[in-house]
Amino acid sequence: MLQLFSNLNIGTRINAGFGAILVLITALAAMSWLELSQSGENFGAYANMASDALLVSEIDGDMGELRLGVRRYMGTNDEADLQLANEAYKQVRHGVELADKEIQNPARAKLMQEIDAHSIAYHKGFEQIVDLIHKRNTLVNDQLNVFGPEIREKLTELNEMLTKQGNFQVANMAGIVQEDFLSARLYVSKFLDTNDDAAINRARAEFKEVEAALVQLKSSVSGELSYTLAAVEADLPKYEKAFEELAVVIAERNKVRAEVLDANGKVISEKIEAVKASAHHDENELQTGTAGAAKAAEIENAVLTGVTLLLGVFIAWFIGRGITHPVTAMTSVMSRLANRDWAAEVPNTDARDEIGQMARAVLVFKESGMAADAMQAEQRAEQLKKE
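In this text, all values refer to a predicted model and were calculated from it rather than measured experimentally. (Residues numbered from 1 in each chain as written. Predicted model: local features only at pLDDT ≥ 70, side-chain atom pairs only at ≥ 80, totals over all residues. Heavy atoms only, no water.)

## Points about the side chain of Asn159
Here is the rule we go by: A helix here means a DSSP run of H or I that spans at least four residues, while a strand means a run of E at least two residues long, and both kinds are numbered starting from the N terminus. Burial classes: relative accessible area under 20% of the type maximum marks a residue as buried, over 50% as exposed, and values in between as partly exposed (1.4 Å probe, protein chains only). What qualifies as a polar contact is a pair of N or O atoms within 3.5 Å, subject to a donor-acceptor requirement within protein and to the restriction that residues adjacent in sequence count only when both atoms come from side chains. The contact rule is simple, with two residues in contact once any of their heavy atoms fall within 4.5 Å.
Mapping Asn159 onto the fold places it in helix α4 (residues 106–165). Asn159 gets classed as buried once you look at its relative accessible area, which sits at 17%. For Asn159, the side chain forms a polar contact with the main-chain oxygen of Ala171, separated by 3.5 Å. When near neighbours in sequence (up to four residues on either side) are disregarded, Asn159 contacts Ala171, Ala174, Gly175 and Gln178.

What follows is the structure, given as structure tokens:
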């Protein structure tokens, strides 16, 4: 290989040396570019992971607003709170749809699909809640709050009429019915506030007390008073029926809240935390891998830079030596030949480069000089013979 290189002319050697150095520099630059490209990809991946965590954090916040709005509406039954809850759900849907498009990681994308399904189920449950609350309000406003005051007014009227008649014993019985009914309404109101089964049972017990007291009262009145009492007897079953329907509606509402809203809300929160944990885990792994790759790349660059420098120095030395050494030797020979030292051997006459061409020219000079000296010696010898 070195012999082949030596046969090249000097210009080709220099060009080849510079070319080799350029190849090494290009390799170093290519490796640096690949490392920068990998770093860029890592930064892009890290940005995607951070974006995934941010997207689900926004969904988490919107979901918190939704659940708070739902609880507020269930407490107030106010249409304004219902509107706020629906607006919060729109924000949740917007965030989920955006995350579905943006999140590319298969595991996190699967979690987002599950969050999507549970958020839809949550809203369907809320729609059931809204419907049940409307039924509850209808029963309260159109029946309980209608029949209750009517019964109270009729019992008050009956009590006053008996008192005017001086029938205090029966008036006292009417007062007992009125008191029992007031107690029943009190426990109905308590149930509306607490949804406690104990309040339901106590209200039912009070209704039985009212019914029993009405039986006794009915046997003691007659005439116009009977008509008033009959109106009470007609409205009381309606009131009780409305209360029983109300109990069923509220029980169903509470069941939907527990089994649909609370259950899906909890699952959504867990899935969101799982997406965050996945993104943070991948971020940590990428950070660790990037740090290791950067360290390895630093070592590789240092080694390749050192190799490039050493090879560059060797190539420069080799090319320089291949030129200066023959030229120095040729200069020495030419000095000797200039002093007509024809014993000096001309080196590199078989070389195929410029040095070889020079050596062969010097060889011609040497041979010409030797021939000239020989000719002069012959001429002097002939001159001596003539003398």
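## Description of the packing of aromatic side chains
As a reminder, the rule being used: The aromatic pairing rule takes the rings of Phe, Tyr and Trp, using the six-membered ring of Trp, and pairs them if the centres are within 6.5 Å, calling planes under 30 degrees apart stacked, those over 60 edge-to-face and the rest tilted.
As enumerated under the stated definition, the model contains five aromatic pairs in all. Ring plane angle 80° and centroid distance 6.0 Å describe the contact between Tyr73 and Phe126, whose orientation is recorded as edge-to-face. Remark: Phe126 occurs in helix α4 and Tyr73 occurs in helix α2 (residues 10–76); sequence separation between them is 53 residues. A relative accessible area of 0% places Tyr73 in the buried class. Plain terms: the ring middles of Phe181 and Tyr239 are 5.4 Å apart, the flat faces sit at 65° to each other, and that makes the pair edge-to-face. Here the residue Phe181 occupies a position in helix α5 (residues 168–194), and Tyr239 occupies one in helix α7 (residues 224–338), the gap between them amounting to 58 residues. Accessibility classification places Phe181 together with Tyr239 in one group, the buried group.

## Side note on the packing of helix α3 (residues 79–102) against α4
Inclusion rule: Axis lines are fitted through C-alpha atoms, for helices just across the contact stretch, and the angle between N-to-C directions can take any value from 0 to 180 degrees. The labels follow the angle: roughly parallel below 35 degrees, roughly antiparallel above 145, roughly perpendicular from 65 to 115, and oblique for the rest. Two helices cross in a left-handed way if the nearer one is turned anticlockwise from the farther one by less than a right angle. They cross in a right-handed way if the turn is clockwise. For this scheme, ten residues count as nonpolar: Ala, Val, Leu, Ile, Met, Phe, Trp, Tyr, Cys and Pro. Four count as charged, namely Asp, Glu, Lys and Arg, and the remainder, Gly too, count as polar.
Closest axis-to-axis distance for the α3/α4 pair is 10 Å, and the angle between their directions is 165°. When the axis of α3 is compared with that of α4, the two are roughly antiparallel. Crossing geometry of α3 relative to α4 is assigned as left-handed. Facing α3, whose interface residues are Glu79, Leu82, Ala85, Asn86, Tyr89, Val92, Arg93, Val96, Ala99 and Asp100, α4 presents Met112, Gln113, Ile115, Asp116, Ser119, Ile120, His123, Phe126, Val130 and His134. Grouping the amino acids of the contact of α3 with α4 by side-chain chemistry returns eleven nonpolar, five polar and four charged.

## A few points about the nonpolar core
Defined as follows: Nonpolar core, defined: a set of buried Ala, Val, Leu, Ile, Met, Phe, Trp, Tyr and Cys residues in which side-chain atoms within 4.5 Å join the residues together.
Judged by nonpolar contacts, the single largest core of 71 residues is most densely connected at Phe126 and Leu217. Among the elements of the structure, α2, α3, α4, α5, α6 (197–218) and α7 are those that each provide at least two residues to this core. In terms of residue count, the dominant contributor to this core is α4 (18 residues). Ignoring anything within four residues of it in the chain, the contact list for Phe126 reads Val70, Tyr73, Leu82, Ala85, Asn86 and Leu261.

## Topic: the packing of α4 against α5
Interaxial distance between α4 and α5 falls to 9 Å at its minimum, and their mutual angle equals 165°. Classified by the interaxial angle, the pair formed by α4 and α5 is roughly antiparallel. Viewed along their axes, α4 and α5 form a crossing whose handedness is left-handed. Partitioned by chemical class, the residues of the contact of α4 with α5 number 15 nonpolar, six polar and three charged.

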